[in-house]
Amino acid sequence: MTDINSPPTPEITPQIAPERLTGILEFFQAAAQLKDTIRSGFTGQGRPESTAEHSWRLALMVLLFEQDLGDVDVLKLLKLCLIHDLGEVLSGDVPAPQQRPDDDRQARERCDFQTLCEPLSEDLSTELLAIWDEYSEAKTQEARYAKAFDKLETIFQHLLMPPPSAGFYRFNLTYGRDRTEVTPLTRQIRAIADAGTRAVMRSFGREPA
């Protein structure tokens, strides 16, 4: 029996095609696995860092430096930062010291990202894959900034984690330098990161090169 005193249930007017909505939510839920994709670095408390945490802080860097990026398309830059590691949901993270030019890692991650995008409508899948490719090719100024900030975020995270060894930080001094030398801003940030790295190395009683 209907309770005439209860308020009527409002009808939901669809704002998006049901198939499109289902695909987006399926992709969204699958992307959450990035929270469980572990990187080689650690948090300040010594807990293994996830790739999702890295991507979040990378996007935060963009937001903080927005006023210093000139004519860069900041929305596109944020998209690049949030998308760039999503292939790792399936393939996992490969620590930088273990990466090799002939390991097909980039092709594998693109294939995995393409698989992740399969539930999406064609227009959205095409858009996200184009963003991934733009980051990978690093030909636009937005992609070059994304690559630079990616390396810089990693180095600064290394400075927060419990220091493992002087040798670990020696790698920091060369890591991604070709990417961080692309603009005066990224070079300025890199100089501060390198100074922090050298300070940590000196704490081990090792004078950095």
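Coordinates for the structure precede this section.
Residues numbered from 1 in each chain as written. Predicted model: local features only at pLDDT ≥ 70, side-chain atom pairs only at ≥ 80, totals over all residues. Heavy atoms only, no water.

J.: Break down the overall build of the chain for me, with residues and values.
T.: In terms of helices and strands, the chain carries ten helices and two strands. By residue count, 41% of the 209 residues in the chain fall in the buried class. Nonlocal contacts in the chain, meaning residues at least 24 apart in sequence, comprise 63% of its contacts between residues at least 6 apart. Carbon together with sulfur atoms contributes 56% to the accessible area of the chain, which is approximately 12,200 Å² in total. (Helix = DSSP H or I, 4+ residues; strand = E, 2+ residues; numbered from the N terminus. Buried < 20%, exposed > 50% of the residue type's maximum accessible area, 1.4 Å probe, protein only. Contact = heavy atoms within 4.5 Å. Areas by Shrake-Rupley, 256 points an atom, 1.4 Å probe, with all protein chains shown as cover.)

J.: Which residues make up the packing of aromatic side chains, and what are the values?
T.: Describing an aromatic ring pair means giving the distance of the ring centres and the angle of the ring planes. A full pass over the atoms with the stated rule returns four aromatic pairs. With a centroid separation of 5.9 Å and 25 degrees between ring planes, the pair formed by F65 and F149 is classed as stacked. With F65 in the loop between helix 2 (51-64) and helix 3 (74-83) and F149 in helix 7 (residues 141-160), the pair connects residues that are 84 residues apart, well separated along the chain. Residue class for F65 comes out partly exposed when judged on its relative accessible area of 23%. Given the relative accessible area of 0%, F149 is considered buried. With a centroid separation of 5.7 Å and 45 degrees between ring planes, the pair formed by Y145 and F149 is classed as tilted. Here the residue Y145 and the residue F149 both occupy positions in helix 7, the gap between them amounting to four residues, near one helical turn. (Phe/Tyr/Trp six-rings, centres within 6.5 Å; stacked < 30°, edge-to-face > 60°.)

J.: Outline the pairing of strand 1 (residues 38-42), supporting the account with residue identities and numerical values.
T.: Along a regular strand, successive side chains alternate from one face of the sheet to the other. Direction of pairing for strand 1 relative to strand 2 (residues 48-50): antiparallel, over a ladder of two bridges. Looking across to strand 2, one finds that F42 is bridged to P48. Hairpin connection between strand 1 and strand 2: a loop of five residues separates the two successive antiparallel strands, and G46 in this loop has a positive phi of roughly 90 degrees. (Pairing = 2+ DSSP bridges.)

J.: So what about the side chain of E49? Which residues, and what values?
T.: Residue placement: E49 occurs in strand 2. Judged by its relative accessible area of 4%, E49 falls in the buried class. Beyond its immediate stretch of four places on either side in the chain, E49 contacts T37, I38, R39, G41, F42, T43, H54, E153 and Q157.

J.: Account for the layout of surface pockets, with residues named and values stated.
T.: Any empty space left between atoms is shown by rolling a water-sized probe over those atoms. Here the second largest pocket is characterised by a volume of approximately 260 Å³. Taken together, F27, F28, Q29, A31, A32, L34, K35, A52, S55, W56, L82 and L86 make up the full set of residues lining the second largest pocket. Going through the elements one at a time, helix 1 (18-31) and helix 2 are the ones with two or more residues in the lining of the second largest pocket. Among the elements that make up the lining of the second largest pocket, the one with the highest residue count is helix 1 (four residues). (1 Å grid on protein atoms, 1.4 Å probe; cavity = no way out; pocket = protein on both sides within 12 Å on 5 of 7 lines; lining within 4 Å. Points joined across faces, edges and corners; volume = space filled by probe spheres on them.)

J.: Describe the pattern of salt bridges, naming the residues involved and giving the relevant values.
T.: Applying the stated criterion across every chain yields a total of eleven salt bridges. Two residues, E53 and R47, come together in a salt bridge whose shortest N-O distance is 2.8 Å. With a relative accessible area of 27%, E53 lands in the partly exposed category. Ionic pairing is found between E153 and R57, a salt bridge with its closest N-O pair at 2.6 Å. (Salt bridge = Lys/Arg side-chain N within 4 Å of Asp/Glu carboxyl O.)

J.: Give me unusual backbone geometry: which residues, what numbers.
T.: Negative phi values dominate among residues other than glycine, just as trans dominates among peptide bonds. Positive phi values are uncommon outside glycine, yet A138 reaches one of about 55 degrees. Here A138 falls in the buried class, since its relative accessible area comes to 12%.

J.: With reference to specific residues and values, describe helix 10 (residues 184-203).
T.: Taking 1.5 Å as the rise per residue, helix 10 with 20 residues should run 28 Å; its terminal C-alpha atoms sit 29 Å apart, in good agreement. Among all positions in helix 10, only L185, T186, I189, R190, A193, D194, G196, T197, V200 and M201 are buried. Here the buried residues of helix 10 occupy an arc of 165 degrees about the axis, which is enough to place them on one side. Along helix 10, exposed side chains directed more than 90 degrees from the buried face belong to P184, Q188 and I192. On its buried face, helix 10 is in contact with helix 7, helix 8 (166-172) and helix 9 (177-180). (Expected span 1.5 Å × (residues − 1). Arc of directions from axis to C-beta.)

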